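Below, each chain spelled out in residue letters.
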Amino acid sequence: MKLLEDMKKVALECGNIMLSASSDELSVETKTGCRDLVTKYDVAVQNYAVSALHEMYPDAKFFCEEGTDKDELKEGLVFVIDPIDGTANFAWDMHHSCVSIGCFKDGVPYAGAVYAPYTDEMFTGAVGHGAYFNDKPMHVTDLPLRDTIVLFGTAPYNAELWDETFRKAKDILPKCMDLRRYGAAALDLCYLAAGRAGLFFEEILALWDFAAGLVILNEAGGVAMRLDGSPLPLTGEKTNIIAGTEKTIAESGFMNGTL
Ligand code: 2AM
Ligand code: CA
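Presented here is a report on the structure given in the accompanying data block. Note that the coordinates shown come from a computational prediction; the quantities given were computed from them, not determined experimentally. (Residues numbered from 1 in each chain as written. Chains lettered and ligands numbered in written order. Predicted model: local features only at pLDDT ≥ 70, side-chain atom pairs only at ≥ 80, totals over all residues. Heavy atoms only, no water.)

**Notes on the state of the cysteines**
Rules: For the purposes of this analysis, a disulfide is any pair of cysteine sulfur atoms at a distance within 2.5 Å. Categorising residues by exposure relies on relative accessible area from a 1.4 Å probe, with only protein chains included: less than 20% of the type maximum marks a residue as buried, more than 50% marks it as exposed, and the intermediate range marks it as partly exposed.
What the rule picks out here adds up to zero disulfides. Cys-64 forms no disulfide, and the closest cysteine sulfur to it belongs to Cys-14, at a distance of 10 Å. Accessibility expressed as a relative area gives 0% for Cys-64, which makes it buried.

See below:
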């Protein structure tokens, strides 16, 4: 599929820009507080992705994390881009970050490419075309929750959500193999799609965190929704999220109030 091949090419080059950062060069700036780090690389990666995709798709619009590229999502092709997901990992030289490029078509997620440059892992998917890890088909796990790892995010910029986050984390630990908090939500969704983990939850995410991962996960046989079971908002507002398989989500107890 040409669109996905183009998105992959751009994601690969974005990854190369990330890899070009050396640890002493990572000049950390604060955006809305010390937990919200933005480096010149977020901006450089986004500028590259936007200009490359604009050249290929002159009519397409953009909805991106950095700056003001936040077009309407309802019509035509809209690229939804998180230039560096796992910004804190990147700024602190922990090699677990990715570029996430989603594409909406007429208001709904249509394709996604998530590239983790440190491990050279490319996760892709497009509606009706399946999900792929480094060009090989991938699928969610069919194991029960108790035999899987659960991923979660800590909503690091929202202190009011920490009690609920850790209440859920503590309650779910006995129901699974173990917990991991890796710090890049787009990759968490791709890990589910690749069958590496059984469940993921976080109390707040932005559209650019999950737009690409949602398509990839759905195409791999997984599901994602709000923590009350309703569909994820696709209009750009922030949301909480639970993702996994029908089975692991049911077993989590999140939906029937046992958690
Ligand atoms: P970031 O790395 O681009 O900041 C960490 O918990 C994960 O969730 C990361 O993917 C982070 O994205 C995202 N995240 C956490 N809190 C967020 C918020 N308030 N808004 C948007 N994304 C958030
Ligand atoms: Ca992000």
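**What to know about the coordination of the calcium ion (ligand 2)**
Put simply, the test is: Because water is not among the atoms used, a metal site may look incomplete, as its donors are only the N, O and S atoms within 2.8 Å, or 3.2 Å for Na, K and Ca. Helix and strand definitions follow DSSP, with helices as H or I runs of at least four residues and strands as E runs of at least two, each counted in order from the N terminus.
On the protein side, the calcium ion (ligand 2) has Asp-82 (OD), Asp-85 (OD) and Asp-209 (OD) as donor atoms, found 1.9 to 2.4 Å from it. Site description for the calcium ion (ligand 2): donor spacing in sequence, D-x2-D-x123-D. Of this pair, Asp-82 sits in strand S4 (residues 77–85) while Asp-209 sits in helix H6 (residues 207–219), placing them 127 residues apart in sequence. For Asp-82, a relative accessible area of 0% corresponds to the buried category. Asp-209 sits in the buried class, given a relative accessible area of 11%.

**Let's talk about the packing of helix H5 (residues 185–193) against H6**
The test is simple: Here the axes come from fitting lines to C-alpha atoms, over the contacting stretch only for helices, and the angles between their N-to-C directions go from 0 to 180 degrees. Angles below 35 degrees are treated as roughly parallel, those above 145 as roughly antiparallel, those between 65 and 115 as roughly perpendicular, and all remaining angles as oblique. Note on contacts: a residue pair is in contact if any heavy atoms of the two residues lie within 4.5 Å. Charged means Asp, Glu, Lys or Arg here, nonpolar means Ala, Val, Leu, Ile, Met, Phe, Trp, Tyr, Cys or Pro, and polar covers whatever is left, Gly included.
Interhelical geometry of H5 versus H6 gives an angle of 5° and a closest axis separation of 8 Å. The orientation of H5 relative to H6 falls into the category roughly parallel. Between H5 and H6, the residues in contact are Ala-185, Ala-186, Leu-189, Cys-190, Leu-192 and Ala-193 and Asp-209, Phe-210, Gly-213, Leu-214, Ile-216 and Leu-217, respectively. Residues that form the contact of H5 with H6 fall into these classes: 10 nonpolar, one polar and one charged.

**Regarding the site of ligand 1**
Threshold: Throughout this document, a residue counts as near a molecule or strand when at least one of its heavy atoms sits within 4 Å of that molecule or strand. Under the rule applied, a polar contact is a pair of N or O atoms within 3.5 Å (in protein, one hydrogen donor and one hydrogen acceptor; residues adjacent in sequence only if both atoms are side-chain atoms). Accessible areas in this description were obtained via Shrake-Rupley with a 1.4 Å probe; residue shielding takes into account the shown protein chains only.
Ligand 1 sits among 19 residues. The nearest are Asp-85, Tyr-157, Glu-202, Asp-209 and Lys-238. Here an oxygen atom of ligand 1 sits 2.6 Å away from a polar atom, N or O, in the side chain of Asp-85. The backbone of Ala-185 places a nitrogen or oxygen atom 2.8 Å from an oxygen atom of ligand 1. Notes on ligand 1: free accessible area 480 Å², of which the protein chains cover 96%. Put simply, the parts of the chain that give the shell around ligand 1 at least two residues each are S4 and strand S12 (199–205). Taken together, the residues that form the shell around ligand 1 break down as eight nonpolar, four polar and seven charged.

**Some words on the pattern of salt bridges**
Rule in force here: A pair is scored as a salt bridge if a Lys or Arg side-chain nitrogen falls within 4 Å of a carboxyl oxygen belonging to Asp or Glu.
With the rule as written, the count across this model stands at 11 salt bridges. The salt bridge partner of Lys-8 is Asp-135, with a shortest N-O separation of 2.6 Å. Highlighted residues: Lys-8 in helix H1 (residues 2–19) and Asp-135 in the loop between strand S8 (130–133) and strand S9 (136–137), separated in sequence by 127 residues. The class of Asp-135 is exposed, set by a relative accessible area of 55%. Sharing partners across several salt bridges, the network here consists of Glu-164, Arg-167, Lys-168, Asp-171 and Glu-203.

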